[in-house]
Amino acid sequence: MAAMATVPSYTPSLWVRMCHALPRLDLTMQMKDNIFVPDSWEYQQTLLVLSSLSAVALVISLLVVLSFLIHYCCCHRGDRSEGGKKGRGICCVTWVAVASVTLCCVAIGIGFYGNSEANDGMYQLTSSLLTANYTLASIDLLITDTISGLQLSVSGPLTSMEELFTGSKPFLTSTRNCRRLSDNVINLLSSISLACSGIDAGLGNDSISGASIIPLTPAPPSVAPTLVPSSGLMPSPFSPGWAANTLMVNEDYRWLSYVLLLLLDLIVCLFILLGLAKQARWLLILMTVLAWLALFLSWGSLGLETATVVALSDFCTDPNIFVLNSTNFNTGTSSDVLDYYLTCSRRMNSPFQQVMTQSQRALSNIHTHLSNLDRNALTQFPKAEKSLREVQQILNSTEGNFHQLVALLNCRGLNKDYIDSLKGLCYDGMEGLLYLSLYSFLSALAFTAILCSLPGAWRSFPSESEEYEDSDSESEDPFTSHQRAAPP
């Protein structure tokens, strides 16, 4: 299916265009296109290749740390007897460790900011989806209520009026015309399809009793609950409420995971500084173990973020292509309807314009017939007044719901929700992921440097036996003791 016009009020950002322009290679190292097709194995291979770059970087980091460990273990065995060189060594490795910890703290600050930006983007996305779900559920509920009201008038008061007007052909004809027009409106409204069968916003439709039909006032999306399906599979047709709840749950876990990772890095950095200040060898050894864990987590998160950023840039470059071609979105909904709501162009007519015009004309004709019966028939058939008033009340309520339905079917509301969701995902969400990628890269470099410098630091610390010998030698030195005993 050909791509439609670009989305108004939305332009891919510079970062989206840059990430989208990255070359794509599959597992056989052949060039592939960058069209967002998440279900395609070829597209998944390109993401795997990009994320595997962090694995290559992890291997390089391990080799660098291993080379430094070999250097400390094999090349500095004779340094213990050289006090001056030992002092310069501990000063050097201490400053390298402090610089690495400082870089790690900078990365942690960037990570907190990126995590907040990504969370803001996902919040805007889910809010827009809930608002769209509320609109679609309101449309579905208005159609159901209007159809139910007209069916009630056909089966109840109009039938009673036909029985009363049996002896008067003009009045009976008008009543039957009202029935026929009501059936036409029911058929026309039943043909309106926005794939609302998969929408469940908790907006219940109470059973209609008698002629008490009132205009609908559904609860706003912040109040109306959206039920999450027990199955983890995406429902067909696509439900914005299901997507919003799924994204909110996953976003909560993602945000909490990054907070825990950032706190782990911060704790490691702070205790490394404490261990260097106190020259606590056991504390540095413990922090070295945690630094190994943080190193693996940093490179692993970088690989995941790289694949996510690239896939998101492919989607945000032209999201309409994916929405139009995805069966999860267009099942039960025609491409014309999707095109109308996604673009909302002034040059496009509503696909429901003809249906709504015919329905409005039919309701006006019903109102005309009822006015004629009210003026002419009630004087001859006073018993028909109750049924006629019931039909008029149902018609007034139906017209009120009909005007709300016309407003909700306009493309401006749903298109605004669509654009807001794109801006939240492709602007704030993309920026947050890029900051998180920078955090992961800087923290991985910092922990690599920390692991290279900490073994030299704790190796340069004086042992307990050396401290004990130094204290004994000072106490046994006669010159030192004589100078201490001499008066000033």
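Rules behind the numbers
- Residues numbered from 1 in each chain as written.
- Predicted model: local features only at pLDDT ≥ 70, side-chain atom pairs only at ≥ 80, totals over all residues.
- Heavy atoms only, no water.
- Disulfide = S-S within 2.5 Å.
- Helix = DSSP H or I, 4+ residues; strand = E, 2+ residues; numbered from the N terminus.
- Core = buried A, V, L, I, M, F, W, Y, C linked by side-chain atoms within 4.5 Å.
- Buried < 20%, exposed > 50% of the residue type's maximum accessible area, 1.4 Å probe, protein only.
- Patch = residues over 30% accessible without salt bridge, like charges linked within 9 Å, V, L, I, M, F, W, Y side chains within 5 Å.
- Areas by Shrake-Rupley, 256 points an atom, 1.4 Å probe, with all protein chains shown as cover.
- Salt bridge = Lys/Arg side-chain N within 4 Å of Asp/Glu carboxyl O.
- UniProt positions renumbered as here; feature names shortened; annotations may be inferred.
- Contact = heavy atoms within 4.5 Å.
- Phe/Tyr/Trp six-rings, centres within 6.5 Å; stacked < 30°, edge-to-face > 60°.
- pLDDT = per-residue confidence, 0-100.

Visitor: Before we go on, may I ask you to explain the state of the cysteines in this structure?
Guide: By definition, a disulfide links two cysteine residues through a covalent bond between their sulfur atoms. Under the definition given, this model contains two disulfides. At a sulfur-sulfur separation of 2.0 Å, the disulfide partner of Cys-344 is Cys-411. Because the torsion about its S-S bond is 65 degrees, the bridge between Cys-344 and Cys-411 counts as right-handed. Pair noted here: Cys-344 is in the loop between helix H10 (335–343) and helix H11 (353–376) and Cys-411 is in helix H13 (residues 411–460), with a separation of 67 residues, a long-range link.

Visitor: Explanation requested: the nonpolar core in the structure shown.
Guide: Nonpolar side chains in soluble globular proteins tend to end up buried together. Core analysis: the biggest nonpolar cluster contains 43 residues, and Phe-165, Leu-189, Ile-192, Tyr-341, Leu-405 and Leu-409 have the highest contact counts within it. Breaking this core down by element, the ones donating at least two residues are helix H3 (83–155), helix H4 (157–164), helix H5 (169–190), H10, H11, helix H12 (385–409) and H13. Within the second largest apolar cluster, 33 residues are counted, among which are Cys-269, Ala-291, Trp-299 and Ile-450.

Visitor: So what exactly am I meant to see when it comes to a nonpolar patch on the surface here?
Guide: On the surface, Phe-112, Trp-255, Leu-256, Leu-260, Leu-263, Ile-267, Leu-270, Phe-271, Leu-273 and Leu-274 cluster together into a nonpolar patch covering about 870 Å² of accessible area. In terms of residues, the nonpolar patch owes the most to one element, helix H6 (residues 240–278), which gives nine residues. Relative accessible area serves as the criterion here: at 39%, Leu-274 is assigned to the partly exposed category.

Visitor: What is the right way to look at the UniProt feature "transmembrane region" (unreviewed entry) in the protein in this model?
Guide: In the numbering used here, UniProt assigns the feature "transmembrane region" (unreviewed entry) to residues 45–70, 90–113, 255–276, 283–302 and 433–454. In the segment residues 45–70, helix accounts for 100% and strand for 0%; the C-alpha atoms at its two ends are 37 Å apart. Helix makes up 100% of residues 433–454 and strand 0%, whereas the separation of the span's terminal C-alpha atoms amounts to 31 Å.

Visitor: Whenever I open this one, the side chain of Ser-453 confuses me. Can you help?
Guide: With respect to the secondary-structure elements, Ser-453 resides in helix H13. The exposure class of Ser-453 is buried, given its relative accessible area of 3%. Among residues more than four places away in sequence, those in contact with Ser-453 are Tyr-72, Val-93, Val-96 and Ala-97.

Visitor: I would appreciate a short explanation of the packing of aromatic side chains in the present structure.
Guide: For any pair of aromatic rings, geometry is given as the distance between the ring centres together with the angle between the planes. Inspection of every chain in the model, using the stated rule, returns eleven aromatic pairs. Plain terms: the ring middles of Phe-36 and Tyr-43 are 5.8 Å apart, the flat faces sit at 85 degrees to each other, and that makes the pair edge-to-face. For Tyr-43, a relative accessible area of 5% puts it in the buried group. Among the aromatic side chains, those forming a connected cluster through ring pairs are Phe-36, Tyr-43, Phe-315 and Phe-322.

Visitor: Please clarify how the confidence of the model for the protein should be interpreted in this entry.
Guide: Detailed reading of the predicted model is not advised wherever pLDDT is low. A residue-level look at the protein finds 78% of positions with pLDDT of 70 or above and a mean pLDDT of 80. When the criterion is pLDDT under 50, residues 1–5 qualifies, and its contacts beyond four places in sequence or with other chains add up to 13 contacts. For the stretch residues 196–232, pLDDT sits under 50, and the model shows 70 contacts to residues farther than four places along the chain or on other chains.

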